[in-house]
Each structure stands twice: as C-alpha cells, then as structure tokens.
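Now for the letters of each chain:
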Amino acid sequence: MIKTSQLETYHRRVEKLVASHHLSAAFSELDSMSAAASAPWEIRNTIDKLRESYRYLRRYALDGVTDPQRDEMLRGIGAGILKQSAAIIRGSKVDESPTLYFGNVRYERLQSDSNIPELVRKYREADGRVAMSMFSHQGDANNQHVEEHSRLLDRLFNLIWVSYPLSADDEEALIKLLTDDNIRIELREQLAGAVMLGALEYYDERRLIILAKLYLSRENGIELRALVLLLICLWMQRGALGGKQLIDVMGAVKELSGWREDLKMVFLNLVKTRDTARITRTMNEEVIPGMLKLRPEILKKFKDHNSLEDMNPEDMNPEWEELLAKSGVGEKLKELNDLQTEGGDVMLGTFSGLKGFPFFHKVSNWFAPFYTDQPDVAKVLDESAADLGELIGMAPMICDNDKFSMVFSLGEIPSANRRMMLEQFKMQSVNLAELRNSKLNPELSDRNEQANRYIHDLYRFFTLFRRKMEFKNPFSSPINLAAIDLLADDFADAIALEAVGEFYFKRGYYSEAMDVFTLLFNSRKNDPQLMQKVGFCAQQSGEIADALDFYLKSELIKPNSLWTHRRIAQCYKLLGDHVKALEYYHKVAAAKPNDIGVALNMGHCYLTLENYSEALKCYYKVEYLDEGSRKALRPLAWCNFVTGDYERAHHYYAQVLDDEPTATDFLNVGHLRMAKKDFAGAALMYRNYMEAKGGNLEKLISAIASDKKYLSKAGVDPVMLDLVTDAAAYPEI
C-alpha cells in the first residue's frame, strides 16, 4: 500500500502545477496520485469531469472564441483539482492517523446523528431547554441541561471542524445558526473558530463563504472575528482560491462601507504577531531576570516601612526609580509599554505557563470568548469571586484566552484570599459600575482592540496548545494579505501596505519589509526614498547586488544624497569593486571631511588595492580624529609592516597585543618578528596562533603560505621560516 508521505509528494506537485497554471500537467499528476491511492469512483469521476471542462475551455480558446468567463472558469478548475487532491490525501489518513482531527472523524463515523443539520437541530433544542430551566429556576434540572448543552456544543464544534467537504445543507444550517441572535453570541463566536480550523486542514470554499457571510451580517463582535478568520483562511489557502461563489460573496464584502479600513486594521494586527516571539524573549531573558536581580536592593529600601498599606505615592523613594534606570530594566519596561500601546502582545510570556488546566485540553475551549457564566468559569467563581471575575472579563488589554487562565488560577486560591484581592482592586479605585456602564454601548469598544485581542487568542492556540504540531500554524511565517490575488485591488491605495512595510522596517524585519516595499515600488517607481528603503532592506538581507541597483536608481532622482552615496560605496566595497567604492567615499568625504567611518573605509579600500601610502594617510587621519580609539591600530600596524617601517609596526602591534589579541594578530606579529630576525619571538607568536586555532599545524602552514609574498618582500629566509614554523609546532625538541 502506498505511503501517505508519497501521496503528499504528489499533492505538493499538484499544488505547484496549479499555481503555475500548468493544468494539463496537474491532471496528469492527479491521475497518478488517484491510481496510486486507489481513489474512490466518486473522486475519479469528478477528476474526469474537471478534465473534460478544461479540454473544452482550451479548445475554444485555441479556436479564438472570446469568453469573458474564461479566467473565472480556469480558477474554478484549478481549485477543483486541488480539492480532489486533498480528498485523496484525507481519505488515505482516515483509518490510521493518530491526530485529533482523524480521531474525531472516526468517532463521528460511529454516530447515527453525524451530520451538521441534525446536530444543529439537537443543539438548538438543548439551548432552549437551558433557557427554560434558568427561567424557571430549576436547579438540578438546569445543571443537567447545562451539561448536555456543553456536551453538544463540544461535539458540534468538532463535527464542524472535521466535516469535509461541507454540503449545501451544511452551509445553510451553519449560516442560520451562526447568524441567529436567539443563540448566545459567545457560543456562535466559538463555533466560527471550528469553521476556520476545518478550512486550514483541507480547502473548502463553503467555509470561506460562511465566514464572509458572517462578516456581511455586521453583527457586533462576531463580524470582526469572522473577518480575522476569513483573512487567515484566504492567506493559508491562497493558491486554491477562485470559485465563482466565493468571488461573488467577496464582491459583496468589498462593497461594504468600512471594508478597506477593517482590512487594513486586521492586516496590521496580524503583522504585529511577527513581533510576539521577540517581545516574549525580552520579558523572559531581560526584564524578569533584571527585576529578580534588583529584588534584594528594593527590599532593603522597604526596611523602614513596617507595612505598605499606609504608604502614599508621595512616599515612594526616588532611589527605586534610579535602580531601575541604572539596571536598564526601566528602559526595557518603557519599551514594552510602548509596544503594548501599539498592540504588541506583551502578555504571552506571562500567561504561557498557565495553559495546563484541563480546560485547555479541549480544542474547542481555545476558541471560546470569556464570559463569567461560562460553565467552566462558573464552577470556579463562587459569590466571593463573582465581582473579581467580572473585573477580569472587562480587563481591556488581556485576551479572552488569558482571562480563562486568570480565573482558573483563582480557583487554586482560598476564598478568603480572593476576597482580599477584590478589596485590593477596590482600594485602587476600580469602579465596577463605571466599567459595566462603559460596556453597555458596544460602539465604545474599540474595533481595533477587539481584533487585536482575538488575534492574540488565535496565536496562543497555534503556539501553546499541547498538540499544536498537528495544526497548520498561520503565524509560523509572515502574513502578507497583499499577495492574495483576491485582495490585490484592495491595496491599490497603498496606505495599508505602507503601514505594514514601516512596521517591519522599524523593527528590523528587513526581508518582510522588502517584500512589502517592492509591491509599493511597482506603483511608485520614481520615489527615491522608497528606493532607498528597498535598497537598505536588500542590503540588510544580504542581497548586495539588488541593494546597489536600488541605491543607484535613487541616486538618479536624488543625486546629492550623502546617505545614498555612503550606501553605494558600502555595496561596491562588499562586492569587491574597491575602485568604485572609493569614488563614492570621496563624494561623502568632500562634504564630511572629518567623518571617521568614511576615512576608515577609504583606508580599507586602499589597503585592499595595495595602495599603502594612501591607506596610511587615511588611517593616520582616523588616529588623529579619534584620539584614544583603537579602530586604526591593526591596519596601521599592517601597513607599516608591508611598507618596511618595522619600528612603527612594532609600536602599533605592541598596543594590539595588550588588547585581547586575535589569532590573526599573533600571526602578523610573528611575521614582523621574522622580518626583524627575532626568530624565537616569531616562533612564540606562531605557537600562540596555533593554540588559538586549536593546535592545528596545517592551519599555521596555510596561513603563512597565503602571506608568503609579504614575507619575501621583507627578506625573510624561507629556510629560517620553515625552522621557525617547526619550532612553533614542536617546541620541546
């Protein structure tokens, strides 16, 4: 029997061929895949129908027949090919794959009611029973109905997730359920996550249509979640988009007022997840260890205070702030605060260790919005903690997933301590009634904040769930919505692209910034600043020739930019064209004669060109302008050695040896001592070189051989050189 890995190889080939529009070759590969897997008749029949459609389309095209629907039909056929390829892969895994996805598929095979419309019907009935029991205050009955409702909710989530492909009846039942305002919105938002999860497993156009229609509903809360989920699906399945129904519903989406603003907002928040790992490292490796180091000193400052409860802000010792400033922790805290204000996820490091509660063992719970009467939360929050739970629910900067972590952590705290915590909140003038009132008008809740928090929820699932490796992680690489053909026209005004590019650029993600700026460059070919930025990103990414090309283009439009001239010089130098590099360094030096960096780089260019007299002028200039600096010591020592001024070379190398010398320094001083006929001293330096290189004699012989022309010029006797090398390697003889 063919292995699944072989089928996945076929699938990847099919994907590449469809993406490059080679559909005949894709059909050929799909036929081989189908035969190897002994695909069911239904799949083979569908492939034949798709092939027949493509055959007619191609024949009419070659006959010169005009067809305005041709592009749309081609996209549809390509999507169909990918769909059948995915169906073959899925079918090969159903019986044996150990993943949660296929575990649920096998479970649902055994259930008599395993279809979405039927389970939706049962769920609606259970929802009604819960409402009635709560209304009639039937305690035990209510608990029983709540448990049944929770069980059906979990099962419905899993069935939506693993059903493939969704039928027209499935689509209709789900849209009616997810837009029904008689069903609690938090539960509908949770189920929307299952629609997305299934789309990430295998491309299913109906899932994208459902999410698009949820966004079209314009119902506060769920519309933004649906948009985030839709855009993630479009990105992850960008190679398969093209069905007429999806194109039509996306056309309706694009006609909504505020669509482009929402698209830009979600795009920027998705892009910001690129910074999450760096923020978490800063917290875990710099801020928290720094605070722990300061702890003993801070505790000493409290020694005069028997209790902190009677302290006023005016009592705080300014020395504490000085401690933070001197340690560098204060600056890091300010940076993190700025990042949080901009929407950065500074909480991941804090809460990542609090995902071990049983609640987080279920996939469905990771997509649940936080609300205080959620069954698992209600079990934790007794009367003493009800207000505390409500405060947690309204915390503005914490995502729902982390709010669940906070509540379950409360469950491990004694009731008396919880009451004390609530009193502490009250002492800090937290006005619960005021917070409640601020939430009565949903328009007061910032849309950007809602989208940002939900993206943080999703990021946690894909990076922290205990079986996360079973899921395709949309955050594992940079997300670029502008690269999706279906959305390309929405970035024509370039505002969103520019904001995304600047975000990447500011934080040093140059490869990603270059991708975005290059898209902008296609519509702004005469913008010298954009050319500079693309060039800089290319240079930082190691693509020096491309960087030089953009810098030279920028120079044509803005010829007097010293910044551009400096970068052009750097690129020529890195590419080995030191003559051209000097040409541009001279331009910068003419405007900035005392620029140490320019003088140093000019010296390096002259040194490479073996123009030692000019190189020495540059290095002496650096020494003069930057007195006390050691930047020019090594090149000055070397230049003086190769020009025969051994005393000056000795003067500079003496300083080099006093300042953490490198292996190359020992080698060069050995050469100098050979020239001065200090053979014992040369043997010592060569021995030091060998030790720095791990005692490897071959490396010493190779290094000396590469410098032979300088040694010959210095009049070093080859016989003596061999003897000294031998003495360095075997000093005991």
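Quick note: structure is the one above.
Predicted model, so just to flag it, every value in this text is computed and none were measured.

Asker: I tried to follow the overall build of the protein on my own but got confused; where do I start?
Answerer: For the protein, the helix and strand inventory stands at 38 helices and zero strands. For the protein, with 733 residues in total, the buried portion stands at 46%. When contacts within the protein are restricted to residue pairs at least 6 apart in sequence, those whose partners lie at least 24 apart make up 68%.

Asker: Got a minute to help me understand a nonpolar patch on the surface in this structure?
Answerer: A cluster of nonpolar residues, Tyr-56, Tyr-60 and Val-65, forms a patch on the protein surface that exposes about 280 Å² of accessible area. By the secondary structure assignment, Tyr-56 is in helix H3 (residues 41-62).

Asker: Help me understand the nonpolar core in this model?
Answerer: Proteins that are soluble and globular tend to have nonpolar side chains buried together. By size, the foremost hydrophobic cluster in this structure holds 211 residues, and its most contacted members are Leu-197, Leu-234, Met-250, Phe-367, Leu-481, Leu-487 and Tyr-686. Broken down by element, this core gets its largest block of residues, twelve residues, from helix H11 (residues 222-236).

Asker: So what exactly am I meant to see when it comes to unusual backbone geometry here?
Answerer: Most peptide bonds take the trans configuration, and most residues that are not glycine carry a negative phi. Across the junction of Tyr-164 and Pro-165, the peptide omega takes the value -15°, indicating a cis bond. Among the secondary structure elements, Pro-165 is positioned in the loop between helix H7 (139-162) and helix H8 (168-178). With a phi angle near 50°, Ser-38 is a residue other than glycine that sits in the positive phi range.

Asker: Could you clarify how one ought to interpret the environment of Leu-166 in this entry?
Answerer: Within the element layout of this structure, Leu-166 appears in the loop between H7 and H8. When its relative accessible area of 4% is taken as the criterion, Leu-166 is described as buried. In this structure, the C-alpha to C-alpha distance between Leu-166 and Val-195, residues 29 residues apart in sequence, is 10.0 Å.

Asker: I would appreciate a short explanation of the pattern of salt bridges in the present structure.
Answerer: Pairs can form between side chains of opposite charge whenever their charged atoms are close. What the rule picks out here adds up to 52 salt bridges. With a shortest N-O distance of 3.3 Å, Arg-51 and Asp-48 are connected by a salt bridge. With Arg-51 and Asp-48 both in helix H3 and three residues apart, the pair spans about one turn of that helix. Through salt bridges with shared partners, a single network forms among Glu-108, Asp-113, Lys-122 and Arg-155.

Asker: I'm lost on the packing of helix H29 (residues 578-591) against helix H30 (residues 596-608) in this one. Help?
Answerer: The geometry of a pair of packed helices is captured by two quantities: the angle between their axes and the separation between those axes. With their axes 10 Å apart at the nearest point, H29 and H30 run at an angle of 155° to one another. Of the possible angle classes, the one that applies to H29 and H30 is roughly antiparallel. Seen from above, H29 lies across H30 with left-handed handedness. Between H29 and H30, the contacting residues are His-578, Ala-581, Leu-582, Tyr-585, His-586, Val-588 and Ala-589 on the first element and Val-598, Asn-601, Met-602, Cys-605, Tyr-606 and Thr-608 on the second. Its residues placed into classes, the contact of H29 with H30 shows nine nonpolar, four polar and no charged.

Asker: Explain the state of the cysteines here, please?
Answerer: Where two cysteines share a covalent bond between their sulfur atoms, that bond is called a disulfide. Counted under the stated rule, the structure contains zero disulfides. Free of any disulfide, Cys-605 has its nearest neighbouring cysteine sulfur in Cys-618, separated by 9.0 Å.

Asker: What's the story with helix H9 (residues 185-201) in this structure? I'm lost.
Answerer: Note that an α-helix has 3.6 residues per turn; residues three or four places apart therefore point the same way. Helix length check: H9, at 17 residues, gives a terminal C-alpha distance of 25 Å against a target of 24 Å (1.5 Å per residue), a fit within 8%. Counting buried positions along H9 gives 16 out of 17 residues, so the element sits mostly inside the fold.

Asker: How should the side chain of Asn-104 be read in this particular structure?
Answerer: Topologically, Asn-104 is positioned in helix H5 (residues 100-109). A residue is classified by how much of its surface remains accessible, and Asn-104, at 16% relative accessible area, is buried. Once you skip the residues sitting within four places of it in the chain, Asn-104 turns out to touch Asn-158, Trp-161 and Val-162.

Asker: What exactly am I supposed to notice about the packing of aromatic side chains here?
Answerer: Pairs of aromatic rings are described using the distance from one ring centre to the other and the angle between the two planes. Counted by the stated rule, this structure contains 40 aromatic pairs. Taking the centre distance of 5.0 Å and the plane angle of 55° together, the rings of Phe-367 and Phe-461 count as tilted. With Phe-367 in the loop between helix H17 (348-351) and helix H18 (375-380) and Phe-461 in helix H23 (residues 447-464), the pair connects residues that are 94 residues apart, well separated along the chain. Cation over ring: Lys-533 sits above Phe-505, and NZ or CZ is 5.7 Å from the ring centre.

Thresholds applied
Residues numbered from 1 in each chain as written. Predicted model: local features only at pLDDT ≥ 70, side-chain atom pairs only at ≥ 80, totals over all residues. Heavy atoms only, no water. Helix = DSSP H or I, 4+ residues; strand = E, 2+ residues; numbered from the N terminus. Buried < 20%, exposed > 50% of the residue type's maximum accessible area, 1.4 Å probe, protein only. Contact = heavy atoms within 4.5 Å. Patch = residues over 30% accessible without salt bridge, like charges linked within 9 Å, V, L, I, M, F, W, Y side chains within 5 Å. Areas by Shrake-Rupley, 256 points an atom, 1.4 Å probe, with all protein chains shown as cover. Salt bridge = Lys/Arg side-chain N within 4 Å of Asp/Glu carboxyl O. Core = buried A, V, L, I, M, F, W, Y, C linked by side-chain atoms within 4.5 Å. Axes fitted to C-alpha atoms, helices over the stretch in contact; angles between N-to-C directions. Parallel < 35°, antiparallel > 145°, perpendicular 65-115°, else oblique. Left-handed = near helix turned anticlockwise from the far one by under 90°. Nonpolar A, V, L, I, M, F, W, Y, C, P; charged D, E, K, R; others polar. Disulfide = S-S within 2.5 Å. Expected span 1.5 Å × (residues − 1). Phe/Tyr/Trp six-rings, centres within 6.5 Å; stacked < 30°, edge-to-face > 60°. Lys NZ or Arg CZ within 6 Å of the ring centre and 35° of its normal.

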